[in-house]
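Notes for the structure review
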Amino acid sequence: MDGFGSDFSAGASGGKVDAGQIMEQVKVQIAVANAQELLQRMTDKCFKKCIGKPGSTLDNSEQKCIAMCMDRYMDAWNTVSRTYNSRLQRERARM
């Protein structure tokens, strides 16, 4: 076997895979990948902004900067996400 579909069992459906179940699993995998990408981008941007001289510990100002940067990044991402989803819903309603 080539490994594709190895996580899906045929079960009682006689060898047929439930398309709805596959779609849900794909949606979950996409959501996880998006969350990982968000976290990686936030980490990269805030590290570059807040850490001038990497060391074994963060000083107080670096800790505060990281916390504030991450809060602002998440607030901005949430605002953009809500606006985008709202726009998608309006567009779907027009169809």
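Residues numbered from 1 in each chain as written. Predicted model: local features only at pLDDT ≥ 70, side-chain atom pairs only at ≥ 80, totals over all residues. Heavy atoms only, no water.

Under an unreviewed UniProt entry, the protein has the name Mitochondrial import inner membrane translocase subunit and belongs to Collichthys lucidus. A UniProt comment under Subcellular location (unreviewed entry) is attached to the protein, and it reads "Mitochondrion inner membrane". (UniProt positions renumbered as here; feature names shortened; annotations may be inferred.)

1. Considering the overall build of the protein
Assigned secondary structure in the protein consists of 2 helices and 0 strands. As displayed, the protein offers around 8200 Å² of accessible surface, 57% of which is attributable to carbon and sulfur atoms. (Helix = DSSP H or I, 4+ residues; strand = E, 2+ residues; numbered from the N terminus. Areas by Shrake-Rupley, 256 points an atom, 1.4 Å probe, with all protein chains shown as cover.)

2. Side note on the state of the cysteines
Here the structure, examined in full by the defined rule, presents 2 disulfides. Put simply, Cys46 and Cys69 are joined by a disulfide, and their sulfur atoms are 2.0 Å apart. Sign of the S-S torsion, about -85 degrees for the bond between Cys46 and Cys69, identifies this disulfide as left-handed. Taken together, the residues Cys46 in helix 1 (residues 19-50) and Cys69 in helix 2 (residues 60-94) connect sequence positions 23 residues apart. (Disulfide = S-S within 2.5 Å.)

3. Some thoughts on the environment of Cys69
Among the residues examined, Cys69 registers a relative accessible area of 8% and is labelled buried. Apart from the residues within four sequence positions on either side, Cys69 is in contact with Cys46, Lys49 and Cys50. (Buried < 20%, exposed > 50% of the residue type's maximum accessible area, 1.4 Å probe, protein only. Contact = heavy atoms within 4.5 Å.)

4. Topic: the nonpolar core
With 8 residues, the main nonpolar core is built from Leu38, Met42, Cys46, Cys50, Ile51, Ile66, Cys69 and Tyr73. Elements supplying a minimum of two residues to this core: helix 1 and helix 2. Met42 has contacts with Met70, Tyr73 and Met74, leaving out every residue within four places of it along the chain. (Core = buried A, V, L, I, M, F, W, Y, C linked by side-chain atoms within 4.5 Å.)

5. Concerning helix 1
When the terminal C-alpha atoms of helix 1 are compared, their 46 Å separation across 32 residues agrees well with the 46 Å that a helix rising 1.5 Å per residue should span. Those residues of helix 1 not exposed but buried are Leu38, Met42, Cys46 and Cys50. Elements in contact with the buried residues of helix 1: helix 2. You can read the cap of helix 1 off the contacts: a side-chain oxygen lies 3.3 Å from the backbone nitrogen of Gly20, and it is on Asp18. (Expected span 1.5 Å × (residues − 1). Polar contact = N/O pair within 3.5 Å; in protein donor to acceptor, adjacent residues only side chain to side chain.)

6. A closer look at the pattern of salt bridges
A complete count under the given rule lists 3 salt bridges for this structure. Of the charged contacts, one joins Glu37 and Arg41 as a salt bridge, the two residues approaching to 2.7 Å between their closest N and O atoms. With Glu37 and Arg41 both in helix 1 and 4 residues apart, the pair spans about one turn of that helix. Owing to a relative accessible area of 47%, Arg41 belongs among the partly exposed residues under this scheme. The salt bridge partner of Arg94 is Glu91, with a shortest N-O separation of 3.3 Å. With Arg94 and Glu91 both in helix 2 and 3 residues apart, the pair spans about one turn of that helix. On the basis of relative accessibility, which here comes to 38%, the residue Glu91 falls in the partly exposed class. (Salt bridge = Lys/Arg side-chain N within 4 Å of Asp/Glu carboxyl O.)

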